[in-house]
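Analysis of the macromolecular model
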Amino acid sequence: VMANPPFSLDGWGAEDVIKDRFNRFGRGIPPKSKGDLAFIQHMVETLNGQGKAGVVVPHGVLFRGGKEGQIRESLVRDDLLEAVIGLPTNLFHGTGIPAALLIFNKQKKHDPARARKVLLIDANLEYDDGRNRNFLSAGGIARVVQAYKRFEDEEKFAQLVSFEALEQN
């Protein structure tokens, strides 16, 4: 799955998921005013056992507390979040805010090199200026892909973070 759901959708249907017969929201129901984690939970819970999902989200998804923090913590604790790729500002029509790409992987916990770790990639500077918006540069895309495949630290670009470090911070 690769998705770019509406950022922080207000009125996304929180009242309807209470009776969700597919149990996609067992990690919690996000606030009515921010649907980001509803979309994420739907995608993650409907992946098959080998599935992966990449979801573009606003940076707030990484930091907001309350119910969203609990859902995010559950996704990390269940070893589903594989990578967080910080993207440059002004990539998307209609908003100049920075975004991130979250990569979820149902098989990650079975790979000793990736289990209980999350790769953080800072691709904030990997863009070309455009007329009305920025674009990820070809070199930047290649650099992100290589860092993701290597799944190791790269000075000032990628950091492999253990669960223990995530808990402390």
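Now for a description of the structure that goes with this document. (Residues numbered from 1 in each chain as written. Predicted model: local features only at pLDDT ≥ 70, side-chain atom pairs only at ≥ 80, totals over all residues. Heavy atoms only, no water.)

**A look at the sheet that holds strand 8 (residues 158–162)**
Within the open sheet, the six strands sit side by side as 1-2-4-3-5-8. Their pairing is mixed. The outermost strands of the open sheet, each flanked by one partner alone, are strand 1 (2–3) and strand 8. Relative to strand 8, strand 5 (residues 117–122) runs antiparallel, the two sharing five bridges. By the bridge assignment for strand 8, L119 is matched with L160. Along the sheet face, helix 2 (residues 36–46) touches strand 1, strand 2 (52–58) and strand 4 (99–105) and points at about 175 degrees away from the line of strand 2. The sheet strands contacting helix 4 (residues 138–150) are strand 2, strand 3 (81–86), strand 4, strand 5 and strand 8, and the helix crosses strand 5 at an angle near 165 degrees. (Pairing = 2+ DSSP bridges. Helix = DSSP H or I, 4+ residues; strand = E, 2+ residues; numbered from the N terminus. Contact = heavy atoms within 4.5 Å. Axes fitted to C-alpha atoms, helices over the stretch in contact; angles between N-to-C directions.)

**Here we look at the pattern of salt bridges**
A full pass over the atoms with the stated rule returns 15 salt bridges. For the salt bridge of D111 with R114, the shortest nitrogen-to-oxygen distance reads 3.8 Å. Residue class for D111 comes out partly exposed when judged on its relative accessible area of 29%. (Salt bridge = Lys/Arg side-chain N within 4 Å of Asp/Glu carboxyl O. Buried < 20%, exposed > 50% of the residue type's maximum accessible area, 1.4 Å probe, protein only.)

**As for the environment of H59**
Structurally, H59 is set in the loop between strand 2 and helix 3 (66–77). The class of H59 is partly exposed, set by a relative accessible area of 28%. Considered as a pair, H59 and L101 are 42 residues apart in the sequence and their alpha carbons are 9.4 Å apart. Other than its neighbours up to four places away in sequence, H59 contacts G86, P98, A99 and A100.

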